[in-house]
Amino acid sequence: MGFFPHALLVGALALTAAAAPNAALAQAAYPAKSITLVVPAAAGGPTDTVARLVAESMSRTLGQTVVVENAGGAGGTIGMARVAKAAPDGYTIAVWHIAQATAPALYENLKYDVVNDFDHLGRITDVPMTLVSKAALPTKDIKELLDWIRAQKGKVLYGHAGIGSASHLCTLILMKQLGVQMEGVGYRGTGPAMNDLVGGQFDVMCDQTTNTTNQIKEGRIKGYAVTTKVKVSSLPDLPTLDSGAIPGFEVSAWHAMWAPKGLPKDVSDKLVAALQVALKDPKVIDRFAMLGTEPVAPALATPDALKSYLAAEVKRWDTVIKAAGVKGN
Ligand code: ASP
């Protein structure tokens, strides 16, 4: 280095910079404006909660606002159709959940291919669910609740976020295992459904801890059991359904991030890196913990891991849904 004339060194550096102007510019250019994050469920619900926490952290990392837009309806297929058709430029992305895997078996007229029309950015979290009821129900534990449901002989109303949503699937499995029928009341998301449950407009719901934890703790609704095989630390009084009332019962709602198919590699890399930063962000981790969940392991928050997980989930749910004879349209 001591023998390298200064002018030559400067010239060589300038040449190096000039040789890769496009890559450097593309890196610097994205994101040049705010990013729209579509949540295909109503505001105030569990997917919205997960998406907003992640969006806030990603905004800090990317230096641009990640703006959440709620586009609920038809079990999330309206919002995901919009994302599938958006320009693959990194300015439209989505956070959705397990319903991305159930949609193909449920919706015959689905306008997009859940695996091939998206770039898969990474999984986010796997959220336990809870069986809850309106506060006025005369039942004090899971045994009494299930006895009450059986005694109503089909007259119980349950809330859900559309055909194929996590709340819908959880209740379908519950009804099947109990051998009972209940009547569904559909919403654009369990955010608005929760308002009606608190108001006593329907009887029961199976929903994610990210939406039910505070409502249970504050006594606005009753919580009876969790749907995972292990108890949830934010709701230590709730037993698992598996441990007593319904052995073998297990459902949870995984969430992930997608973009329209065909993102430029540098854009995709930036989004994936920002997602991974969000999943290590102490603010996100703390808030998730308060709501009964945690980020997935970093190895699962990757495009490849999400793509293969989704493909396996599509197969798994196809069998369950066809056996249950459920249709979305
Ligand atoms: N958690 C809802 C569901 O049951 C969706 C939502 O409102 O986020 O799938």
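Overview of the structure.

### Quick look at the environment of Lys229
If you trace the backbone, Lys229 turns up in the loop between strand E8 (221-226) and strand E9 (252-260). With 86 residues separating them along the chain, Lys229 and Lys315 place their C-alpha atoms 22 Å apart. With sequence-adjacent residues up to four places away left out, Lys229 is seen in contact with Thr240, Asp242, Gly248, Phe249 and Glu250.

### Looking at helix H7 (residues 166-178)
In this model H7 runs 18 Å from its N-terminal to its C-terminal C-alpha over 13 residues, within 8% of the 18 Å that 1.5 Å per residue would give. Most of H7 is tucked away: ten of the 13 residues are buried. The set of residues buried in H7 consists of Ala166, Ser167, His168, Leu169, Cys170, Thr171, Ile173, Leu174, Met175 and Leu178. Directly beyond the C-terminal end of H7, a positive phi value near 70° is found at Gly179.

### Focus on the pairing of strand E5 (residues 157-160)
As judged from the four bridges shared by E5 and strand E6 (residues 183-186), these two strands associate in the parallel manner. The residue of E6 that forms the bridge with Gly159 is Val185. Assessed by its sense of winding, the connection that carries the chain from E5 through H7 to E6 is right-handed. Pairing analysis gives two bridges linking E5 to strand E7 (residues 204-208), with the strands arranged parallel. Residue pairing for E7: Tyr158 is matched across the bridge by Val204.

### What to know about the packing of helix H3 (residues 46-62) against helix H11 (residues 282-290)
Pairs of packed helices are described in terms of their axes, by the angle between the two and the distance that separates them. Running from N to C, H3 and H11 point in directions that differ by 170°, and their axes come no closer than 10 Å. As the angle between them shows, H3 and H11 are arranged roughly antiparallel. Counting all contacts with H3, which are made through Val50, Leu53, Val54, Glu56, Ser57 and Arg60, the residues of H11 involved are Lys283, Val284, Arg287 and Phe288.

### Some remarks on helix H4 (residues 77-85)
The set of residues buried in H4 consists of Thr77, Gly79, Met80, Ala81, Val83 and Ala84. Contacts from the buried residues of H4 go to strand E1 (35-39), strand E3 (92-97), helix H5 (99-106), strand E4 (118-134) and E9.

### Topic: the packing of aromatic side chains
Counting across every chain of the model gives five aromatic pairs. Plain terms: the ring middles of Tyr187 and Phe202 are 5.9 Å apart, the flat faces sit at 45° to each other, and that makes the pair tilted. Placement of Tyr187 in the loop between E6 and helix H8 (190-198) and of Phe202 in the loop between H8 and E7 is noted, with a sequence separation of 15 residues between them. A single burial state applies to Tyr187 and to Phe202, both of which are buried. Consider the rings of Trp254 and Tyr309, whose centres lie 5.1 Å apart with planes at 75°: the pair is edge-to-face. Note that Trp254 is positioned in strand E9 and Tyr309 in helix H12 (residues 303-324), a separation of 55 residues in sequence. Relative accessible area serves as the criterion here: at 1%, Trp254 is assigned to the buried category. Ring pairing ties together the aromatic residues Trp254, Trp258 and Tyr309, which thus form one cluster. The ring of Tyr91 carries Lys33 above its face, with NZ or CZ at 4.6 Å from the centroid. The ring of Tyr309 carries the charged tip of Arg123 above its face, separated from the ring centre by 3.7 Å.

Rules behind the numbers
Residues numbered from 1 in each chain as written. Predicted model: local features only at pLDDT ≥ 70, side-chain atom pairs only at ≥ 80, totals over all residues. Heavy atoms only, no water. Helix = DSSP H or I, 4+ residues; strand = E, 2+ residues; numbered from the N terminus. Contact = heavy atoms within 4.5 Å. Expected span 1.5 Å × (residues − 1). Buried < 20%, exposed > 50% of the residue type's maximum accessible area, 1.4 Å probe, protein only. Pairing = 2+ DSSP bridges. Right-handed = clockwise from strand over helix to strand, strands pointing away. Axes fitted to C-alpha atoms, helices over the stretch in contact; angles between N-to-C directions. Parallel < 35°, antiparallel > 145°, perpendicular 65-115°, else oblique. Phe/Tyr/Trp six-rings, centres within 6.5 Å; stacked < 30°, edge-to-face > 60°. Lys NZ or Arg CZ within 6 Å of the ring centre and 35° of its normal.

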